[in-house]
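Here is what each chain is made of, one letter per residue.
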Amino acid sequence: QVNLAESGGGLLQAGDSLTLSCAASGGTISHYTVGWFRRGPGKEREFVGSISFRGSSTWLSDSVKGRFTITRDNAKNMVYLQMNSLNAEDSAKYFCAASDGIISDRPTDYNFWGPGTQVTVSS
């Protein structure tokens, strides 16, 4: 059992950069693979990326590869999503999620979810 909470969302302009944070409590984040997902207006939940227990492996979706980076600081019980060159298609509510298994792009493989944080990008 672990509780997750995202923070760092906001209103930005195209080309801006932003870092989202995922804070864990009630458990140790190093015990979990952590994924980032997003849900935009009129869209289903979309896989963004995932990072392994110790951060040695990451997997990013093709839509964000080269622009986004996932990192983690297990000593702080934190995982980050660094976003660069944002555009309007990145506008969505972003969620972090924890899994006790390997890296996966399937939401059903993740056991615990945060409430999400909104990112809105205007052109």
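See the structure printed just above.
Residues numbered from 1 in each chain as written. Predicted model: local features only at pLDDT ≥ 70, side-chain atom pairs only at ≥ 80, totals over all residues. Heavy atoms only, no water.

Can you walk me through the packing of aromatic side chains in this structure?
Per the counting criterion, the structure on display carries 6 aromatic pairs. Both rings, one in Tyr32 and one in Phe112, keep their centres 5.9 Å apart while their planes meet at 90°; by these two values the pair is edge-to-face. With a gap of 80 residues between them, Tyr32 in the loop between strand 3 (18–25) and strand 4 (33–39) and Phe112 in strand 10 (residues 112–113) connect regions that are remote in the sequence. Pairing Phe47 with Trp59 gives two aromatic rings, centres 5.0 Å apart and planes at 50°, and the pair type is tilted. Remark: Trp59 occurs in strand 6 (residues 58–60) and Phe47 occurs in strand 5 (residues 46–51); sequence separation between them is 12 residues. Taking the relative accessible area as the measure of exposure, Phe47 reaches 12% and is therefore buried. (Phe/Tyr/Trp six-rings, centres within 6.5 Å; stacked < 30°, edge-to-face > 60°. Helix = DSSP H or I, 4+ residues; strand = E, 2+ residues; numbered from the N terminus. Buried < 20%, exposed > 50% of the residue type's maximum accessible area, 1.4 Å probe, protein only.)

Would you mind going over the pairing of strand 9 (residues 92–99) with me for this structure?
Along a regular strand, successive side chains alternate from one face of the sheet to the other. Counting buried positions along strand 9 gives 7 out of 8 residues, so the element sits mostly inside the fold. Pairing of strand 4 with strand 9 involves 7 bridges; the strand directions are antiparallel. In the sheet register, Phe37 faces strand 9, and the bridge partner there is Phe95. (Pairing = 2+ DSSP bridges.)

Quick question: what am I supposed to make of the sheet that holds strand 3 here?
Sheets are built from strands that pair by backbone hydrogen bonding, the pairs being arranged parallel or antiparallel. In space, the 4 strands of this open sheet follow the order 1-3-8-7, with antiparallel pairing throughout. Whereas interior strands pair on both sides, the edge strands pair on one side only; in this sheet they are strand 1 (3–7) and strand 7 (68–73). Taken pair by pair, the neighbouring strands of this sheet meet at an average axis angle of 15°, ignoring direction. (Axes fitted to C-alpha atoms, helices over the stretch in contact; angles between N-to-C directions.)

What's the story with the state of the cysteines in this structure? I'm lost.
Linking two cysteines covalently via their sulfur atoms produces the bond known as a disulfide. On inspection of all chains with the given rule, the structure shows 1 disulfide. With its sulfur 2.1 Å from that of its partner, Cys22 forms a disulfide with Cys96. When the S-S torsion is 70°, as for the bridge of Cys22 with Cys96, the disulfide is right-handed. Of the two residues, Cys22 is situated in strand 3 and Cys96 in strand 9; the sequence distance between them amounts to 74 residues. Judged by its relative accessible area of 1%, Cys22 is buried. In this structure Cys96 comes out as buried when scored by relative accessible area, which is 0%. (Disulfide = S-S within 2.5 Å.)

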